[in-house]
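So you can see what is in the structure, the chains are spelled out below.
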Amino acid sequence: MNRHFLSLVLVFLLIACTSTQNAQPIKIGVLGDLTGDYVSFMRGVPRGAELAVEDAKNLVNRPIQLVIEDQRSCQLKETVTIMNKLTSIDHVDFVLGGSCSSSTLAAAPIAESTHTPIISPVSSAPSVSKSGDYIFRTYISDGSRALAASELTYKLGKRKMATLVDISNDAFIEIVKGAKFRFQELGGVVVAEEESDNVAGDFRTQLTKIKVADPDVLFLTTGPQQIGHVAKEAKELGLHVQFIVPLETAEDQQVIDMAGSAVEGLLYVMPGNPPDSPKYQELQRRYKERYKEEAMPSYVTEAYDAVMLGILALKESDGSRESIKDKLYEVSKTYEGVSGNVAFDANGDVSKPVMYKQIKNGKFVVYTP
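In this convention, every chain numbers its residues from 1, walking through the sequence in written order. In keeping with the model being predicted, local features are shown solely for residues with a pLDDT of at least 70 and side-chain atom pairs are shown and tallied solely at 80 or more, while totals for entire chains, interfaces and linings include all residues. Each side-chain value is worked out from all heavy atoms of the structure, with water and hydrogens disregarded.

Participant: In this structure, what is going on with the pairing of strand β8 (residues 217-221)? I would like to understand it.
Facilitator: In summary, the side chains of a regular strand alternate between the two faces of the sheet. Under the scheme applied here, a residue whose accessible area is under 20% of the maximum for its type counts as buried, over 50% as exposed, and between as partly exposed, the area being computed with a 1.4 Å probe on protein chains only. Secondary structure counts use DSSP, requiring at least four H or I residues in a row for a helix and at least two E residues in a row for a strand, with both numbered from the N terminus. Extensive coverage of β8 is indicated by the burial of 5 of its 5 residues. Note on pairing: two strands pair once DSSP finds at least 2 bridges between them. Two elements, strand β6 (residues 160-166) and β8, share 5 bridges in a ladder whose sense is parallel. Counted as the bridge partner of M161 is V217 from β8. In this sheet, strand β9 (residues 242-245) lies alongside β8 in parallel orientation, the contact comprising 3 bridges. Within β9, the residue paired with F219 across the bridge is I244.

Participant: How should the pattern of salt bridges be read in this particular structure?
Facilitator: When the charged atoms of two side chains with opposite charge come close together, those side chains can pair. One speaks of a salt bridge when a side-chain nitrogen belonging to Lys or Arg is within 4 Å of a carboxyl oxygen belonging to Asp or Glu. Summed over the entire model, instances satisfying the criterion amount to 25 salt bridges. R285 is paired through a salt bridge with E282; the nearest N and O atoms lie 2.6 Å apart. Of the two residues, R285 and E282 both sit in helix α10 (residues 278-291), 3 residues apart, roughly one turn of that helix. Note on R285: relative accessible area 42%, which makes it partly exposed. Exposure remark for E282: the relative accessible area of 35% places this residue in the partly exposed category. Bridged by salt links that share partners, the residues E50, E54, D55, R286 and R290 form one connected network.

Participant: For this particular structure, what's the right way to read helix α3 (residues 76-88)?
Facilitator: For an α-helix, 3.6 residues make a turn, and residues three or four places apart therefore share a direction. Look at α3: 18 Å from first C-alpha to last across 13 residues, which is about the 18 Å you get at 1.5 Å a residue. Here, residues are in contact when the closest pair of their heavy atoms is within 4.5 Å. Looking at the buried positions of α3, the neighbouring elements they touch are β1 (26-32), β2 (64-70), β3 (94-96), α4 (101-114), β4 (118-120) and α12 (321-332). For a helix, the expected span equals 1.5 Å multiplied by the number of residues minus one.

Participant: Please clarify how the packing of aromatic side chains should be interpreted in this entry.
Facilitator: The relation between two aromatic rings is expressed through the spacing of the ring centres and the mutual angle of the planes. Ring pairs are drawn from Phe, Tyr and Trp, using the six-membered ring of Trp, whenever the two centres fall within 6.5 Å, and their geometry is named by plane angle: stacked under 30 degrees, edge-to-face over 60, tilted for the rest. On inspection of all chains with the given rule, the structure shows 8 aromatic pairs. Ring centres of Y38 and F41 lie 6.5 Å apart, and the angle between their planes is 70°; this geometry places the pair in the edge-to-face category. Here Y38 matches F41 in class, with each residue buried. For the ring pair Y268 and F364, a centre distance of 6.4 Å and an interplane angle of 85° mean the geometry is edge-to-face. Here Y268, found in strand β10 (residues 267-271), pairs with F364, found in strand β12 (residues 363-366); they are 96 residues apart in sequence, far enough to count as distant. Given the relative accessible area of 24%, F364 is considered partly exposed. Ring pairing ties together the aromatic residues Y38, F41, Y139 and Y299, which thus form one cluster.

Participant: Help me understand the packing of α3 against α4 in this model?
Facilitator: Angles run from 0 to 180 degrees between N-to-C directions of axes, and those axes are lines fitted to C-alpha atoms, restricted for helices to the stretch in contact. Remark: α3 packs on α4, axes separated minimally by 9 Å, with the N-to-C direction vectors making an angle of 30°. By the angle class used here, α3 and α4 are roughly parallel. Taken as a pair, α3 and α4 cross one another with a handedness that is right-handed. Together, L76, T79, V80, M83, N84 and T87 of α3 and S102, S103, A106, A107, I110, A111 and T114 of α4 make up the contact between the two elements. Put simply, angles under 35 degrees are roughly parallel, angles over 145 are roughly antiparallel, angles from 65 to 115 are roughly perpendicular, and the rest are oblique. Crossings are sorted by hand: turned counterclockwise from the far helix by less than a right angle, the near helix makes the crossing left-handed, and turned clockwise it makes it right-handed.

Keep in mind these values describe shape, not function.
Written out as structure tokens, the structure reads:
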């Protein structure tokens, strides 16, 4: 009789423990950019996460909680502080972010030491590939975009390149390095190399030096506000060159609002989203409905896929961060990404095609060479 009673108690305890475990929320940390220069440009990251959580509720029998923190437009001290909080105080299951490659690289050692998976929807520097076993990204590496941008430049008949790079961002530095190498390999010449940072608002000194070098193309790797300032000041100085931005930083309305006709004809390179995909069209409809904006900004699809992959991996795991990391490779092979291919390779990277776009008549349009 006592033995039977003990067995019943054990069964009830097991059920209670299981119920408690299922009731525990899935916690997802988000390295957001809620203040600073990148607020508008990076707004797609938390929004993509929010849309993914809405859909993922049907996949798991647990509440899902987003812990969104502000790294103040990729301020690395903020990133480190937030990452320590997310992993050691909030005890998140995985982290969405960082945004700038420099912030992901700053967060990587903490992710590795705490065995916390990071899935970045934005970081593109080639060095992210080797930053650790727990680092993944749904965004393409800049290696392919550097080649594409250089080859487009040469195809347009441009032979004298000047560069202006924001050296506070590792991705910007690495993409310029790759682009210069490929351009020179094709037969072009780099005639001027200038630098700035992400808080600069006056580029006349750099642009004056560039004008003296007489380039026919300016390879510009900066944030949206800097692109606007550079284009406007170049026009005022009489520097007439083709602007090429190997990044999606050009696709921000503030670029056009700041520079107006000075950015007309600017070309840029970004990942090719599959606009004909039913999943893409549906996400676009939901985004417009929820956020009252006609077009989805950059990174919504990549953030959506990153969160969905993390939740699917957690669902298939034993609940530990280590197991989530291992399962990410598996679930990425069968998940249909809204942003395109999201099958992770051994480095946690994905391969996707690129597309060319242009600012034409004050709008962002696809460009066909």
